[in-house]
Amino acid sequence: MNSARTLVNTAELRPIERKIQAVFVSGLFVLGLLRAVSYSGIEELLERLAWAEHGPRVMDTVRGMFGPVAEAGAAWRGSETTGNQGSANAQAD
């Protein structure tokens, strides 16, 4: 057993320990980098989700605004066709 220990010099172990430390620190750096990339990806995903939920609400609002405008336009066209001004004013009120 002593002969095995004398074959391995302590100076030879130090570069291996440094390599192990370098690999460990590199692994920690890679994990930190992955964490940052994941965080930014999740933030972007949440922002896009918010816009995806916002879009249909805007479209419903726009449709709600154009409903009365379309009815008024139809009433106006009907009054122009028939020449009856009273029915257009009654429908617009």
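Residues numbered from 1 in each chain as written. Predicted model: local features only at pLDDT ≥ 70, side-chain atom pairs only at ≥ 80, totals over all residues. Heavy atoms only, no water.

(A) How the structure looks around the overall build of the protein chain. Assigned secondary structure in the protein chain consists of 3 helices and 0 strands. Moving toward the C terminus, one meets the helices and strands of the protein chain in the order α-α-α. Buried residues in the protein chain amount to 3% of all 93 residues. Within the structure as shown, the protein chain displays about 8,500 Å² of accessible surface, and the carbon and sulfur contribution to it stands at 64%. (Helix = DSSP H or I, 4+ residues; strand = E, 2+ residues; numbered from the N terminus. Buried < 20%, exposed > 50% of the residue type's maximum accessible area, 1.4 Å probe, protein only. Areas by Shrake-Rupley, 256 points an atom, 1.4 Å probe, with all protein chains shown as cover.)

(B) Representation of a nonpolar patch on the surface. The grouping of Phe 24, Val 25, Leu 28, Phe 29, Val 30, Leu 31, Leu 33, Leu 34 and Val 37 at the surface amounts to a nonpolar patch, some 940 Å² of accessible area in total. Mapped onto the elements of the fold, Phe 29 is located in helix H2 (residues 10-82). (Patch = residues over 30% accessible without salt bridge, like charges linked within 9 Å, V, L, I, M, F, W, Y side chains within 5 Å. Salt bridge = Lys/Arg side-chain N within 4 Å of Asp/Glu carboxyl O.)

(C) Expanded view of the confidence of the model for the protein chain. The predicted model of the protein chain has a mean per-residue pLDDT of 79, with 74% of residues at 70 or higher. The least confident element of the protein chain, judged by mean pLDDT, is helix H3 (residues 85-92) at 52; the most confident is H2 at 86. (pLDDT = per-residue confidence, 0-100.)

(D) Structural detail: the pattern of salt bridges. What the rule picks out here adds up to 2 salt bridges. Residue Glu 44 pairs with Arg 48 through a salt bridge whose shortest N-O separation is 2.9 Å. Highlighted residues: Glu 44 and Arg 48, both in helix H2, separated by 4 residues, approximately one helical turn. Residue Glu 44 is classed as partly exposed on the basis of its relative accessible area, which comes to 40%. Judged by relative accessible area, Arg 48 falls into the exposed class, the value being 57%. Asp 60 is the partner of Arg 63 in a salt bridge, and the nearest nitrogen-oxygen pair spans 3.4 Å.

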